[in-house]
Amino acid sequence: MGHGKLKMEMIRDEKTRYRTYKNRSKGLKKKIHELSTLCDVEACMILYHGDSADGPCSSRPDVWPKNRDEVERIINRYLNERKKDDRKRTLDLSHVFGSTKTNVETKKLMEKNGKLEGRASGAGIE
């Protein structure tokens, strides 16, 4: 038999909440480790919890992998890739109007040159 439906609300009892946090964060770490290993992907996880092993309201995060340099490397890679994507996607109106204006001018010049070339070649045939 499966478990009953869990109500999604904060657990009021501090000890129960902390125990649940520890168990679930351990499960998440196991899952992210499995994902990283089995699928050959880089992954990291950062959790902040008001009550941690360092005492209540600790600002120290719970991270996976434990190697801080590895976490920073993965985060920096993500930020750099995001910057590249933002540059690809960013297109303000000046670019749109500028490229449209250039395309229109180019088309007019090509038409003008085509007409001139047509006249010149037509004049030589007659």
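Residues numbered from 1 in each chain as written. Predicted model: local features only at pLDDT ≥ 70, side-chain atom pairs only at ≥ 80, totals over all residues. Heavy atoms only, no water.

(A) Structural context of the overall build of the chain. On a plain count of helices and strands, the chain comes out with 3 helices and 4 strands. Written out in order from the N terminus, the α and β elements of the chain read α-β-β-β-β-α-α. When burial is assessed residue by residue, the chain has 14% of its 126 residues classed as buried. Within the chain, contacts between residues at least 6 apart in sequence are counted, and of these 42% link residues at least 24 apart. Looking at the chain as shown, the accessible area adds up to about 11,400 Å², and 56% of this sits on carbon and sulfur atoms. (Helix = DSSP H or I, 4+ residues; strand = E, 2+ residues; numbered from the N terminus. Buried < 20%, exposed > 50% of the residue type's maximum accessible area, 1.4 Å probe, protein only. Contact = heavy atoms within 4.5 Å. Areas by Shrake-Rupley, 256 points an atom, 1.4 Å probe, with all protein chains shown as cover.)

(B) Structural context of the pattern of salt bridges. If you walk through the whole model with that rule in mind, you get 7 salt bridges. One salt bridge connects Arg-77 with Glu-42, and the closest N-O pair in it is separated by 2.3 Å. Taken as a pair, Arg-77 in helix H2 (residues 68–89) and Glu-42 in the loop between helix H1 (14–39) and strand S1 (45–47) lie far apart in primary sequence, 35 residues in all. With a shortest N-O distance of 2.7 Å, Arg-73 and Glu-70 are connected by a salt bridge. With Arg-73 and Glu-70 both in helix H2, this residue pair falls 3 residues apart, about one helical turn. Residue Arg-73 is classed as partly exposed on the basis of its relative accessible area, which comes to 36%. Each of Glu-42, Glu-70, Arg-73 and Arg-77 takes part in a single network of salt bridges with overlapping partners. (Salt bridge = Lys/Arg side-chain N within 4 Å of Asp/Glu carboxyl O.)

(C) Region of the structure containing H1. Compared with an ideal rise of 1.5 Å per residue, which puts 26 residues at 38 Å, H1 spans 37 Å between its outermost C-alpha atoms and is within 8% of the ideal. Looking at H1, one finds that the buried residues are Tyr-21, Ser-25, Lys-29, Ile-32 and Ser-36. Those residues of H1 that are buried lie in contact with S1 and strand S4 (62–64). Following H1 by one or two positions, Asp-40 has its phi on the positive side, about 55°. (Expected span 1.5 Å × (residues − 1).)

(D) Broad picture of unusual backbone geometry. At the junction of Trp-64 and Pro-65, the peptide bond is cis and its omega measures out at 0° in the coordinates. For Pro-65, the position within the fold is in the loop between S4 and H2. Positive phi outside glycine occurs at Asp-40, with the angle close to 55°. Mapping Asp-40 onto the fold places it in the loop between H1 and S1. In this structure Asp-40 comes out as exposed when scored by relative accessible area, which is 70%.

(E) Summary view of the confidence of the model for the chain. In the predicted model, the chain carries a mean pLDDT of 79, and 71% of its residues have values of at least 70. Across the chain, the secondary-structure element scoring lowest on mean pLDDT is strand S2 (residues 51–52), at 50, and the one scoring highest is H1, at 94. Counted against residues more than four places away or in other chains, residues 121–126, with its pLDDT under 50, gives 0 contacts. (pLDDT = per-residue confidence, 0-100.)

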